[in-house]
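# Topology and contacts: notes
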Amino acid sequence: MQIFQRSVTKEFTSVGVSVISVLLAIIVTHQLIMLLGRAASGVVEPEAVIALIGFWLLAYLPVLLALALFISVWVALSRSYRDSEMPVWFSSGLSILSWVRPVLNFGVPIALVTALLSTVLTPWAFREMAEYERLLRSKDDVARIAPGSFIEPRGSNRVFFVDNTSADASVVNNVFVQYNQNGRFGVVVSEKGRTEFSPAGDKFLVLTNGRRYEGTPGALDFRIIDFDTQKLRIEAKEERAEAPTNKQLPTWTLLTEPTPDRLAELHWRFALPIAAVILSLLAIPLSFVNPRSGTSWNAVFALIVFFLYYHMLSIFQGWTAQGYLPSWVGLTPVHIGMASILVVLFSRQLFGFRWLAFAKR
């Protein structure tokens, strides 16, 4: 029996590492494409892409772990059926229930890690993500300039471009600034630029050896002014910290200051590790594959079960937050329903519903 458990645990681990690696690669690639598209349109700062991906992975890692646990158990047991290893185990006196213990030995530690992530790390990641985005929005226009690219800050009437920077990054070369102020359109070009602070603490962009074109579009009152030095005041941005959402609140706050929506979030955080255990057990009967058959409908059914479970948890969380369900009920009916399906599937594997045929006699 120990040889059996060690062999199964080893295979679960190897498959699980491969599954989580593939899932992370898919998710990171998808998020990278989305964030790069938003960065190209100016919605997200380019330097924030990697950090936001990291925060996003930490925030949704519990869901990925639950999915990886389910897939790894299902894939490992399905391979045993396809390679005709399962009949060997059954002929040695082991039943389908003999797989419960090694699956739990493998799945419970992962579920405990999922619980730690969902109750501690996930809220922290959401808080840090919101604070990081707030700090990025608070950066002034000049601080956001990247050499060789046009930058149009959100909510600003200016467009900046610099060709390159000096070795110590204190001076920028070949500066281009386009602005629209009080209905007048203007363009400023200069050889060099630097930032400096006034005694009052205001920040200015100091341009040297340049020319300014200013006027009203459609009119003939354009002016061309050559200058040796010109200062452009940089408006400081004050982004207020917004009230934290339920996803950002620590678990202890959800417990000590309960409201229906906060209790719904609390149910969700504890639902993920419970779902991880139930899904790992569901993978045992769902992994059945007929070696003589070229296809397995259980693969489709397994995917349906997972997505049904996940979306039902989301639906019941919404109902709890809106007060349609008592807070003490929460997401419990979903777990009970999936546990009932688990019992039915195990009964089908063990008895083949022979008790139904007996009842008809």
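Below is a short write-up of the structure. (Residues numbered from 1 in each chain as written. Predicted model: local features only at pLDDT ≥ 70, side-chain atom pairs only at ≥ 80, totals over all residues. Heavy atoms only, no water.)

Right, let's talk about the overall build of the chain for a bit. Regarding its fold elements, the chain presents nine helices and five strands. Counting helices and strands in the order they occur from the N terminus, the chain gives α-α-α-α-β-β-β-β-β-α-α-α-α-α. Going through the 361 residues of the chain one by one, you find that 39% of them count as buried. A separation of at least 24 residues holds for 56% of the contacts in the chain among residues at least 6 apart in sequence. Total accessible area on the chain stands at roughly 20,100 Å², and carbon and sulfur atoms take up 64% of it. (Helix = DSSP H or I, 4+ residues; strand = E, 2+ residues; numbered from the N terminus. Buried < 20%, exposed > 50% of the residue type's maximum accessible area, 1.4 Å probe, protein only. Contact = heavy atoms within 4.5 Å. Areas by Shrake-Rupley, 256 points an atom, 1.4 Å probe, with all protein chains shown as cover.)

Running from amino to carboxyl end, helix H2 (residues 49-82) crosses helix H6 (residues 260-286) at an angle of 15 degrees, the nearest separation of the two axes being 8 Å. It follows that H2 is roughly parallel to H6 by the angle criterion. For the element pair H2 and H6, the recorded crossing hand is right-handed. Across the interface between the two elements, Pro-62, Val-63, Ala-66, Leu-69, Phe-70, Val-73, Trp-74 and Leu-77 from H2 touch Leu-272, Ala-276, Leu-279, Ser-280, Ala-283, Ile-284 and Leu-286 from H6. The class makeup of the residues in the contact of H2 with H6 is 14 nonpolar, one polar and no charged. (Axes fitted to C-alpha atoms, helices over the stretch in contact; angles between N-to-C directions. Parallel < 35°, antiparallel > 145°, perpendicular 65-115°, else oblique. Left-handed = near helix turned anticlockwise from the far one by under 90°. Nonpolar A, V, L, I, M, F, W, Y, C, P; charged D, E, K, R; others polar.)

Moving on to the packing of aromatic side chains. Counting across every chain of the model gives nine aromatic pairs. Both rings, one in Phe-55 and one in Trp-124, keep their centres 6.2 Å apart while their planes meet at 65 degrees; by these two values the pair is edge-to-face. Residue Phe-55 is found in helix H2, and its partner Trp-124 is found in helix H4 (residues 100-138); the two are separated by 69 residues along the sequence. With a relative accessible area of 35%, Trp-124 lands in the partly exposed category. Relative to Phe-306, the ring of Phe-70 has its centre 6.1 Å away and its plane inclined at 15 degrees; by these criteria the two rings are stacked. Residue Phe-70 is found in helix H2, and its partner Phe-306 is found in helix H7 (residues 297-321); the two are separated by 236 residues along the sequence. In this structure, Phe-70 and Phe-306 share a single accessibility class: buried. Every member of this aromatic cluster is reached through a ring pair, and the members are Phe-70, Trp-268, Phe-306, Phe-307 and Tyr-310. (Phe/Tyr/Trp six-rings, centres within 6.5 Å; stacked < 30°, edge-to-face > 60°.)

What follows concerns H6. At Ala-271, H6 is deflected by roughly 30 degrees, the largest bend along its length, and proline Pro-273 occurs up to four residues later in sequence. With respect to burial, H6 is a largely interior element, 20 of its 27 residues being buried. (Bend = angle between axes of the 7 residues up to and from the residue.)

A word on the pattern of salt bridges. Per the counting criterion, the structure on display carries four salt bridges. Ionic pairing is found between Arg-223 and Glu-214, a salt bridge with its closest N-O pair at 2.6 Å. By relative accessible area, Arg-223 is classed as partly exposed at 41%. Note that Glu-257 is salt-bridged to Arg-262, the shortest N-O span being 3.1 Å. (Salt bridge = Lys/Arg side-chain N within 4 Å of Asp/Glu carboxyl O.)

Bringing the nonpolar core into the picture now. Formed by 59 residues in total, the largest nonpolar core has its most connected members in Phe-12, Val-73, Leu-282, Ile-284, Leu-286, Tyr-309 and Leu-313. Looking at this core, the elements that each hand over two or more residues are helix H1 (2-40), H2, H4, H6, H7 and helix H8 (332-351). The leading source of residues in this core is H2, at 18 residues. Not counting the four nearest positions on each side in its chain, Val-73 is found in contact with Phe-12, Val-103, Phe-106, Ser-280 and Ala-283. One finds Val-175, Leu-207, Phe-227 and Leu-232 within the second-largest nonpolar core, a separate group that totals eleven residues. (Core = buried A, V, L, I, M, F, W, Y, C linked by side-chain atoms within 4.5 Å.)

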